[in-house]
Amino acid sequence: MVLELQKPRPVWQIMFSTHHTDVGLLYLISSIAFLFMGGALALLIRAELFLPEAQLIADAMTFNRIFTVHGTTLIFLFLLPSASAVGNYFVPIMVRYKDMAYPKLNAIAFWMIPPGAALIWLGFADFTWYATPPYSIISAPGPAADMWIFGLKILGISSVLGAINFVVTILKCKHPDMSIGQVPLLAWAFLSSSLIVLVAIPTFAAALLMLLTDRLGVTGFFNPAMGGDPIAYAHLFWFTFHPEVYVLVIPAIGMMYEIIPRFSRKPIFSKSSGIFAFVLLSIVSFSSWAHHMYATGMSFTEKTVFMLGTLAAVPASGMHVFNFVATMWNGRIKFLTPMMWAIGGIALFFSAGAGGVANAAMPLDFTTHDTYWVVGHFHLFVMGTIAFGTIGFIYYMFPYVTGRMYNETMGKVHFILSFVGTVLVFFTQHVLGLYGMPRRIFDYPAIPEWIAMNQIATVGAMIIGVSMVIFLINLIHSSAKGKPADIHDPFGLGGKYYYPFESKNPHH
Amino acid sequence: MGHHSNWPEWIYVGVIIALMVWVGAEAWNVERLVEHVPADAETIIVTGQQWFWSFEHEDGRKEVGTLHVEAGKAYKFDIVSTDVNHSFNIHDYVVLMDAVPGRVNTVWFAPDKAGEHDIQCREYCGLIHYNMRGKLVVEEPST
Ligand code: HEM
Ligand SMILES: [Cu+2]
Ligand SMILES: [Cu+2]
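Predicted model only: the values in this text are computed from it and were never measured.

Asks: Describe in detail the coordination of the copper ion (ligand 2), supporting the description with residues and values.
Replies: Residue and element names in this part refer to chain A. All of the protein donors around the copper ion (ligand 2) are His 242 (ND1), His 291 (NE2) and His 292 (NE2); their distances to the metal are 1.9 to 2.0 Å. Here the donor residues for the copper ion (ligand 2) map to a single chain with the spacing H-x48-H-H. Between the copper ion (ligand 2) and the iron atom of ligand 1, the interatomic distance is 4.5 Å. Separated by 50 residues along the polypeptide, His 242 in helix H9 (residues 230-264) and His 292 in the loop between helix H10 (271-284) and helix H11 (300-311) bring together distant segments of the chain. You can call His 242 buried: its relative accessible area is 8%.

The following block contains the structure:
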């Protein structure tokens, strides 16, 4: 492996590099920075909701802007780039190629992130992460709204370029001796998620342009005052973003496939079922987008079709869980930090999925839709599953990147606090949803049950916040002062098949 | 890979599929019943606009913010919006339907006993979305 931080290099050399591990490092560092920026906004939201009435945020508009930028940041600037970081590091090594297929394109895809991010953060739009028309056309204040649209446009292109690169690297550049079945599951994860990106993103890219011209008043695609239909936007948006949730979760599952067998010191229970479930998920991810739209006035038949399409994804997700549990079964498990995050992530994945099934069942969704239940549901995925898998993997790759070990005790404390915090925040949000508390509200009526649940959620969020500070200290301190890692077996797991990727990639 | 028997996984997947079929069938059945609007339901036109609800009864009576209905009767809401999307919600009666400009969406309910319930907006609609609230007053039957 390449020890990125061990050889002193001027920063600009990394910045202008096109080598996959350098680009991976850039993705990694920027995504961690955005994790903290987006997380800080989350803490503001939770602090505001600790009690009814305005607390520390002056007005509703500021609050609305904060949750919009919070969601946009964590999805597009943390989750997607952190997956790209891992993919950039490991996919070429796993398919035994010297770099990504198109190194320059790879660097360009990364460098589209800072301008996209700048537009989103400098604009600070308020129209939520789905920019629903006609609000986004006739009511959302510019230039923030327009900046958000351009920012997402840029990030969308970046993600398409990255996806093309992964697909070509895996399918065309893998070592000639390697069959596609021998490609490790983590690389399969990137193949699946990249193919979803290529099919899904163009639809939203088109919708964004239509939204922009609608805002300029030259078209009326989604503007009823000009004969347009806002529901058309909802279809275009969710056709991209339901599959996109699998773009986010599949790499995280791939990371768990890397961690679980190594720390269980057993081969994966069934690699073929892992591959099968990835491919199946990629396909069925396109059959359920309108489960977000039950309450828009869809007909009974439409709702039924999309409910069935949604339920069809459950067996494939369940197969991954089975595979993980069966791999751990009778394993000699070593509970080090990466493994704890992976196991915690799987447990939360399971609970999140159960909540998803409830949302999918049409009559139940009329209770949960647009309440805090939904916020709890998807955060168990985005935080509890995807961020957990990713953070576990960051610990796992830490010795390979820095040549040093992170502090194990701090890593475990980080996990335990985050796990407790996540359960406190997002399980209580499910309950709040059942009480009927709508999402995206700056203030709420002083109903004692609502206050109690909100306070538990806020305390949980603060616990996560503390744990993340520990994480940051650990990362910074250990990358400079941590004890040198035994690069052949940093986690002391033994066994030869546990580290298949020791090949050293030459810089070009 | 592949050298051990996979039957536990097949059973597991079979159980999940069976569970999903059951959830789907139940949901289909319940939703079918829930959506069947009784023939004698009175129509109330519900208009959402930034940031309040107004109501028009079949007999032409109009109300803003507070809606009065009678226990024991069925009501059908025709939900419209004059500006952006909203979502009309009486959580206690699981009434939820988006108010989308350019469309009329319907949902119905039959309050069973007298009392007061919250009406709120559940779809983000801008500045005062958080306080786009109203009251449902269910009165004793008049006859
Ligand atoms: C795989 C990882 C998943 C992620 C990352 C995810 C993410 C999300 C997100 C972000 C939303 C809310 C979107 C919004 O309104 O802002 C959502 C809603 C929803 N999810 Fe998931 N989800 C996942 C899996 C599932 C599964 C497995 C199911 C069902 C079996 C499911 C069913 C639903 C439904 C029905 C809604 C709509 C709820 C509503 O708005 O009423 N999701 N999900
Ligand atoms: Cu979805
Ligand atoms: Cu609203």
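Asks: So what about the coordination of the iron atom of ligand 1? Which residues, and what values?
Replies: Counting protein donors around the iron atom of ligand 1 gives one, His 377 of chain A (NE2), at 2.2 Å. Topologically, His 377 of chain A is positioned in helix H15 (residues 372-402).

Asks: Just give me the short version of the interface of chain A and chain B, but keep the residues and values in it.
Replies: Counting residues at the interface gives 59 residues for chain A, matched by 44 residues for chain B. Between chain A and chain B, roughly 4,200 Å² of surface is buried when both sides are summed, and carbon and sulfur atoms account for 66% of that area. If you sort the residues of chain A by the area they bury against chain B, Phe 300, Phe 322 and Phe 366 of chain A come out on top, with a joint share of 14%. At the junction of chain A and chain B, the tally comes to three salt bridges. We note a salt bridge from Glu 31 of chain B to Lys 303 of chain A, for which the minimum N-O separation is 3.6 Å. For the side of chain A that touches chain B, the secondary-structure elements that each account for two or more residues are helix H3 (60-94), helix H6 (135-139), H9, H10, H11, helix H12 (314-328), helix H14 (362-368) and helix H16 (408-435) of chain A. Take the side of chain A that touches chain B: its biggest share by element is six residues, from H12 of chain A. Across the side of chain A that touches chain B, the residue classes tally to 34 nonpolar, 17 polar and eight charged.

Asks: Before we move on, can you summarise the domain arrangement of chain B with the specific residues and values?
Replies: When the domains of chain B are assigned, the result is domain 1 (1-36) and domain 2 (42-139). For domain 1 of chain B versus domain 2 of chain B, the distance between C-alpha centres works out to 36 Å.

Asks: Go over the confidence of the model for chain A, please, and point to the residues and values.
Replies: Residues and elements named next belong to chain A. In this model, chain A carries an average pLDDT of 93, and 96% of its residues clear a pLDDT of 70 or more. Of all secondary-structure elements in chain A, the lowest mean pLDDT belongs to helix H1 (residues 11-15), at 86, while helix H5 (residues 113-123) reaches the highest, 98. Within the model, the stretch residues 497-508 combines pLDDT values under 50 with 50 contacts to residues more than four positions away or in other chains.

Asks: Give a description of the pairing of strand S7 (residues 95-99) of chain B that names residues and reports values.
Replies: All names here are of chain B. The element S7 is largely enclosed, with a buried count of five among its five residues. The pairing of strand S6 (residues 86-90) with S7 spans five bridges and is antiparallel. Residue pairing in the sheet places Ile 90 in a bridge with Val 95 of S7. Count of turn residues in the S6/S7 antiparallel hairpin: four residues, of which Val 94 carries a positive phi of about 50°.

Asks: An account of the site of ligand 1 is needed here, citing residue identities and associated values.
Replies: All names here are of chain A. Residues in contact with ligand 1 amount to 23 residues; listed here are only the nearest, Trp 129, Asp 365, His 369, His 377 and Arg 439. Asp 365 places a polar side-chain atom, nitrogen or oxygen, 2.5 Å from an oxygen atom of ligand 1. The separation between an oxygen atom of ligand 1 and a polar side-chain atom of His 369 is 2.8 Å. At five residues, the largest contribution of residues to the shell around ligand 1 is made by H15. Looking at the shell around ligand 1 residue by residue, the class counts come to 13 nonpolar, seven polar and three charged.

Asks: Hey, could you go over the sheet that holds strand S8 (residues 105-109) of chain B for me, with residue numbers and the actual values?
Replies: Paired through their backbone hydrogen bonds, the strands of a sheet run either parallel or antiparallel. Residue and element names in this part refer to chain B. As summarised here, the arrangement of the five strands in space is S3-S2-S1-S5-S8, forming an open sheet in which the pairing is mixed. Edge positions in the sheet fall to strand S3 (62-64) and S8, since each of these pairs with one other strand and no more. Mean inter-strand twist for the sheet, computed between neighbouring axes without regard to direction, equals 25°. As paired strands, strand S2 (residues 52-56) and S3 are joined by three bridges and run antiparallel to one another. Of the residues in S3, the one forming a bridge with Ser 54 is Val 64.

Asks: Lay out the nonpolar core in plain terms, naming residues and giving numbers.
Replies: Counting 205 residues, the largest nonpolar core has Trp 148 of chain A together with Phe 77 and Phe 88 of chain B as its most contacted members. Element by element, the count of residues in this core is highest for H3 of chain A, at 20 residues. Here this core gathers at least three residues from each of two domains, domain 1 (1-36) and domain 2 (42-139) of chain B. Not counting residues up to four positions away in its chain, the partners in contact with Phe 77 of chain B are Ile 44, Val 46, Leu 67, Phe 88, Ile 90, Val 95, Asn 105, Thr 106, Val 107 and Phe 109 of chain B.

Asks: Break down the pattern of salt bridges for me, with residues and values.
Replies: All names here are of chain A. Evaluation of the coordinates by the stated rule reveals 13 salt bridges over all chains. Here Asp 370 ties to Arg 439 by a salt bridge, and the two come within 3.7 Å at their closest N and O atoms. Here Arg 439 lies in the loop between H16 and helix H17 (448-481) and Asp 370 lies in the loop between H14 and H15, a separation of 69 residues in the sequence. Of the residues examined, Asp 370 reaches a relative accessible area of 1% and is grouped as buried. Accessibility expressed as a relative area gives 8% for Arg 439, which makes it buried.

About the thresholds
Residues numbered from 1 in each chain as written. Chains lettered and ligands numbered in written order. Predicted model: local features only at pLDDT ≥ 70, side-chain atom pairs only at ≥ 80, totals over all residues. Heavy atoms only, no water. Donors = N, O, S within 2.8 Å, 3.2 Å for Na, K, Ca; no water. Helix = DSSP H or I, 4+ residues; strand = E, 2+ residues; numbered from the N terminus. Buried < 20%, exposed > 50% of the residue type's maximum accessible area, 1.4 Å probe, protein only. Contact = heavy atoms within 4.5 Å. Buried area = accessible area lost by both parts, 1.4 Å probe. Salt bridge = Lys/Arg side-chain N within 4 Å of Asp/Glu carboxyl O. Nonpolar A, V, L, I, M, F, W, Y, C, P; charged D, E, K, R; others polar. Domains from an automatic or database assignment. pLDDT = per-residue confidence, 0-100. Pairing = 2+ DSSP bridges. Near = heavy atom within 4 Å. Polar contact = N/O pair within 3.5 Å; in protein donor to acceptor, adjacent residues only side chain to side chain. Axes fitted to C-alpha atoms, helices over the stretch in contact; angles between N-to-C directions. Core = buried A, V, L, I, M, F, W, Y, C linked by side-chain atoms within 4.5 Å.

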